[in-house]
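# Notes for the structure review
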Amino acid sequence: MRTLDLHGVTHKEVKDRLNEFFFWHGNENAQAKIITGNSTHMQRLVTEWLDEFEFKYYIPTTNLGEIQVVG
């Protein structure tokens, strides 16, 4: 499973990082882990982007600082 770690990424850069990770490298349908840390704002930015492109995902109860993309 590929991992995108957003620690140190500004909120302005999030969409560009997600576009690059999922679309420029051919991971459109791949499972992935996105590490957001505990920032609720960062998590909201990521989940809004995932919803826009209709990705399926969940936030594990054992680690609220990551988002698991399942397709």
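In the block above lies the structure referred to throughout.
Here the structure is a predicted model, which is why all the values come from computation and not from measurement.

Procedures and definitions
- Residues numbered from 1 in each chain as written.
- Predicted model: local features only at pLDDT ≥ 70, side-chain atom pairs only at ≥ 80, totals over all residues.
- Heavy atoms only, no water.
- Pairing = 2+ DSSP bridges.
- Helix = DSSP H or I, 4+ residues; strand = E, 2+ residues; numbered from the N terminus.
- Contact = heavy atoms within 4.5 Å.
- Axes fitted to C-alpha atoms, helices over the stretch in contact; angles between N-to-C directions.
- Buried < 20%, exposed > 50% of the residue type's maximum accessible area, 1.4 Å probe, protein only.
- Lys, Arg positive; Asp, Glu negative; His and termini not counted.
- Salt bridge = Lys/Arg side-chain N within 4 Å of Asp/Glu carboxyl O.
- Polar contact = N/O pair within 3.5 Å; in protein donor to acceptor, adjacent residues only side chain to side chain.
- Arc of directions from axis to C-beta.

## Remarks on the sheet that holds strand 4 (residues 66-69)
In spatial order, the strands read 1-2-4-3; together these four strands make up an open sheet with mixed pairing. Taken across any chain shown, the strands that pair with only one partner, and hence form the sheet edges, are strand 1 (2-5) and strand 3 (57-58). Relative to strand 2 (residues 32-35), strand 1 runs parallel, the two sharing four bridges. By the bridge assignment, Asp-5 is partnered in strand 2 with Ile-35. Lying on the sheet, helix 2 (residues 40-52) is in contact with strand 2, strand 3 and strand 4; it crosses strand 4 at an angle near 15°.

## Here we look at the environment of Phe-21
With respect to the helices, strands and loops of the structure, Phe-21 is situated in helix 1 (residues 14-24). Once the C-alpha coordinates of Phe-21 and Ile-34 are considered, the two residues, 13 residues apart in sequence, prove to be 10 Å apart.

## Looking at the side chain of Glu-66
Here Glu-66 lies in strand 4. The side chain of Glu-66 sits in the buried core without any salt bridge; Lys-33 is the nearest counter-charge, 4.3 Å away. Of note is the side chain of Glu-66, whose polar atom sits 2.4 Å from the side chain of Gln-68. Those residues in contact with Glu-66 that lie beyond four places of it in its chain are Lys-33, Ile-34, Ile-35, Thr-36, Ile-59 and Pro-60.

## Focus: helix 1
Of all the residues in helix 1, the buried ones are Val-14, Leu-18, Phe-21 and Phe-22. Angular distribution of buried residues about the axis of helix 1 spans 80°; they occupy a single face of the element. Away from its buried face, by an angle of more than 90 degrees, helix 1 presents the exposed residues Asp-16 and Trp-24. Summarising the contacts, the buried residues of helix 1 are in contact with strand 1, strand 2, helix 2 and strand 4.

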